[in-house]
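Given next are the chains, with one letter for each unit.
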Amino acid sequence: MARSLLSMLPLSFFLLIWLIVMSVFVLLALLTVVMALRYGLSGFTTYIVTAGFLIVIALGFVASGSYFSTVDWTQTVTVFSTALPTL
Amino acid sequence: MIDLHHLPNPIPDEQLVYFLRRHPISLLGISVGTILILASPWIGYWYLLTFQPALLNDAIVFPFLALGSSAFLLFTWMFLFQNFLDYYLDMWIVTNRRVLNIEQTGLFSRTVSELRMYRIQNVTATITGVLHTILDYGNVEIETAGEKLRFVFEDVPHPNRVAKTILELAEEDRKDHLDTAVEEFALPDKKK
């Protein structure tokens, strides 16, 4: 006979991790945009290229957000399961 | 921003001769990467639809895939853009009075150096490789006398033409700065 040790985590826990990672991403993306605008050549190309970078990011967030809004984040996930022998 | 009409530390009678970046062919890797990264969500979706359709309806696995792949795609996109910036922010500006060397290494490392034309003593153009020869791009090395200061324009288009122009401009500028040039090259002063 075995006793099960299960670790159940809500799915929202992983969403929280994703949000933390994305906040780092946003910070780095902002720094990248600042560098592009600060040191780029004055002209149309710099603005177009930077806008293209931001538009793709925005599309990524919109697509992810619209899918994530359909997910039931209250579900739980078994992330660790081990069987312990009983005496 | 860098304005070609208002360069830093302007010199009187200065005129822009060349504005150089690496040849656009050096963007080939980034372009292929960008196409792949933008196509990958559709390729991934097609793969799941064809070979793993059960995963698309899985209430646990698919959100995990979406979380992971969205983070991966966004970070890869930023990595590609930063690589593009490495190309875009590297520039060499040649005027009739000086050479400006602006190099971006990574996101936070930037070097701006300047060399006055009359100090230039030797300019070498190097084209190595089949692709470089066909598309006529390569390195231009600029050396000054006495010091080990050396500018290298990497993978610029038409390096031979650029090298020839810089040598001519240096010769012209040296005539205008004869006294300074004589002092710097440690030649006998013409006034003595």
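Parameters and conventions
Residues numbered from 1 in each chain as written. Chains lettered and ligands numbered in written order. Predicted model: local features only at pLDDT ≥ 70, side-chain atom pairs only at ≥ 80, totals over all residues. Heavy atoms only, no water. Pairing = 2+ DSSP bridges. Helix = DSSP H or I, 4+ residues; strand = E, 2+ residues; numbered from the N terminus. Axes fitted to C-alpha atoms, helices over the stretch in contact; angles between N-to-C directions. Contact = heavy atoms within 4.5 Å.

A.B. asks: Help me get a handle on the sheet that holds strand β5 (residues 120–126) of chain B, residues and values and all.
C.D. replies: Residues and elements named next belong to chain B. One open sheet accounts for three strands, arranged β5-β6-β7; its pairing is antiparallel. The open sheet terminates on both sides in strands that have one partner only, identified here as β5 and β7 (150–157). Taken pair by pair, the neighbouring strands of this sheet meet at an average axis angle of 15°, ignoring direction. Looking at chain direction, strand β6 (residues 137–144) and β7 are connected through six bridges and run antiparallel. Within β7, the position partnered with E141 by the bridge is V152. Seen against the sheet, helix α5 (residues 159–176) touches β5, β6 and β7 and runs at an angle of roughly 175° to β5.

A.B. asks: Tell me about unusual backbone geometry, and please be specific about residues and values.
C.D. replies: Residues and elements named next belong to chain B. Backbone geometry places D13, a non-glycine residue, at a positive phi of 60°. Mapped onto the fold, D13 is located in the segment before β1 (16–20). In this structure, H158 is a non-glycine residue whose phi angle is positive, near 50°. Mapping H158 onto the fold places it in the loop between β7 and α5.

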